[in-house]
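# Structural overview
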Amino acid sequence: MIGLGMLWYLVGILADAGATGLVTGTAAATGVLLTVVLSAANLLRRVVTPAELRVTRRLMRERTRRTGVPRHRDPDAAGRARPRAPTATLAVA
């Protein structure tokens, strides 16, 4: 706990600093705190989200190709054969 003499010493230093000194000190302290918070947020994001779990467009395309998900195109487009259901003769064969 801060002693009474230490408290009066701190008040004396702040009083001698003046308004400009206090504003400059506050701005410097705010800048340091902002840097610390942003650095901590960046480190936490790296720890919480490993590189393997990040999903990008390229990864989504590769996964789609590997799993064989059909592209949703118009089956009635010109030059495209219409998909048909299996007939009874194909089921018997």
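Please read these numbers as outputs of a predicted model, since none were measured by experiment.

Before going further, it helps to spend a moment on the overall build of the protein. The secondary structure content of the protein amounts to 3 helices and 0 strands. Moving toward the C terminus, one meets the helices and strands of the protein in the order α-α-α. Taken across its 93 residues, the protein has 0% of its residues classed as buried. Total accessible area on the protein stands at roughly 8900 Å², and carbon and sulfur atoms take up 66% of it.

Our focus in this paragraph is a nonpolar patch on the surface. Together, Leu4, Leu7, Trp8 and Val11 line one region of the surface with nonpolar side chains, adding up to about 450 Å² of accessible area. The topology assignment puts Val11 in helix H1 (residues 4-48).

Here is what the cut-offs are and how they apply
- Residues numbered from 1 in each chain as written.
- Predicted model: local features only at pLDDT ≥ 70, side-chain atom pairs only at ≥ 80, totals over all residues.
- Heavy atoms only, no water.
- Helix = DSSP H or I, 4+ residues; strand = E, 2+ residues; numbered from the N terminus.
- Buried < 20%, exposed > 50% of the residue type's maximum accessible area, 1.4 Å probe, protein only.
- Areas by Shrake-Rupley, 256 points an atom, 1.4 Å probe, with all protein chains shown as cover.
- Patch = residues over 30% accessible without salt bridge, like charges linked within 9 Å, V, L, I, M, F, W, Y side chains within 5 Å.
- Salt bridge = Lys/Arg side-chain N within 4 Å of Asp/Glu carboxyl O.

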